[in-house]
Structures are given as C-alpha cells and as structure tokens.
Amino acid sequence: MRTTRISHPAADALDWEEAMSVIERLNNDFRFRDAMLMSIGCNLGLRISDILQLRWVDILQDDTLVIKEKKTGKKRSLRINAALRRE
C-alpha cells in the first residue's frame, strides 16, 4: 500500500479583530485556559513555550512581568496592559 504525502499550506496571520473574536468564542465555549493562552500571546507577543512556563502568581503579582525566554535565553520585562488585565 502506498501512502500519499499531504502538504499543508503555511498559515496566515490573524488580524486583531479576528484574534479577539476567537478569544471571545473560546470564552463563550467555557474554554478559559485556551482563551487565556491566546490572549497572553496576542497582548504580550510571547511564544507558546514561554507562555506555558508562566504561573498565575507571575501574572497577578504586578503590572510588570519578567521572564527568561526559552528559545533565546534573554530576559524580558513586559508590562501587562489593561486589555490583558481585564481578561
């Protein structure tokens, strides 16, 4: 039996309104974890590997978040904006 390799086209980026719509739909479907992961990624511009290392105490503690990026090893200081704070 011969298998056929299926190629997938590269994904296009979402514009801001589409991303916020996806987050809203996730919240409406009670998928709060997924909504928060996407909201953090959109608002702070972090990779998923860096987001998954975060803990609630890191986010709720202060308006500034200091992380060490997994891929680059650099330390980044990020300000949590009002939109993310509301989420």
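What comes next concerns the included structure. (Residues numbered from 1 in each chain as written. Predicted model: local features only at pLDDT ≥ 70, side-chain atom pairs only at ≥ 80, totals over all residues. Heavy atoms only, no water.)

Quick look at the pattern of salt bridges now. According to the stated counting rule, one finds 4 salt bridges in the structure shown. With a closest N to O distance of 2.8 Å, D34 and R31 form a salt bridge. Between R85 and D63 there is a salt bridge whose closest N-O contact spans 2.8 Å. Here R85, found in helix α5 (residues 82-86), pairs with D63, found in the loop between α4 (56-60) and β1 (64-68); they are 22 residues apart in sequence, far enough to count as distant. In this structure R85 comes out as partly exposed when scored by relative accessible area, which is 37%. Residues participating in the shared-partner salt-bridge network are R31, R33 and D34. (Salt bridge = Lys/Arg side-chain N within 4 Å of Asp/Glu carboxyl O. Helix = DSSP H or I, 4+ residues; strand = E, 2+ residues; numbered from the N terminus. Buried < 20%, exposed > 50% of the residue type's maximum accessible area, 1.4 Å probe, protein only.)

A separate point is the pairing of strand β2 (residues 75-79). Sheet topology note: the β1/β2 ladder contains 5 bridges and is antiparallel. Across the sheet, the residue bridging to L65 is L78, located in β2. If you look at the hairpin formed by β1 and β2, you'll find 6 residues sitting between the two strands, and G73 has a positive phi there, around 80°. (Pairing = 2+ DSSP bridges.)

This part is about the nonpolar core. Burial of nonpolar side chains together is a common tendency in soluble globular proteins. One finds I40, L44, L46, L54, L65, I67 and L84 to be the most contacted residues of the largest nonpolar core, which totals 13 residues. Broken down by secondary-structure element, the contributors of at least two residues to this core are α2 (32-44) and β1. It is α2 that contributes the most residues to this core, 4 residues altogether. Not counting the four nearest positions on each side in its chain, I40 is found in contact with G45, L46, I51, L54, I59 and L84. (Core = buried A, V, L, I, M, F, W, Y, C linked by side-chain atoms within 4.5 Å. Contact = heavy atoms within 4.5 Å.)

This part covers the packing of helix α1 (residues 16-28) against α2. Two elements in contact, α1 and α2, have axes whose closest approach is 8 Å; the angle formed by their N-to-C orientations is 160°. The orientation of α1 with respect to α2, classified from their angle, is roughly antiparallel. As for how α1 packs across α2, the hand of that crossing is left-handed. Contacts between α1 and α2 involve W16, A19, M20, V22, I23, L26 and N27 from the first element and F32, D34, A35, M38, S39, C42 and N43 from the second. Classifying every residue of the contact of α1 with α2 gives 10 nonpolar, 3 polar and 1 charged. (Axes fitted to C-alpha atoms, helices over the stretch in contact; angles between N-to-C directions. Parallel < 35°, antiparallel > 145°, perpendicular 65-115°, else oblique. Left-handed = near helix turned anticlockwise from the far one by under 90°. Nonpolar A, V, L, I, M, F, W, Y, C, P; charged D, E, K, R; others polar.)

Moving on, we come to unusual backbone geometry. What you tend to see is this: most non-glycine residues have negative phi, and most peptide bonds are trans. The phi dihedral of F30 falls on the positive side, at around 60°, and the residue is not glycine. Within the fold, F30 resides in the loop between α1 and α2. Residue class for F30 comes out exposed when judged on its relative accessible area of 66%.

Bear in mind that shape data such as this cannot, by itself, settle questions of function.
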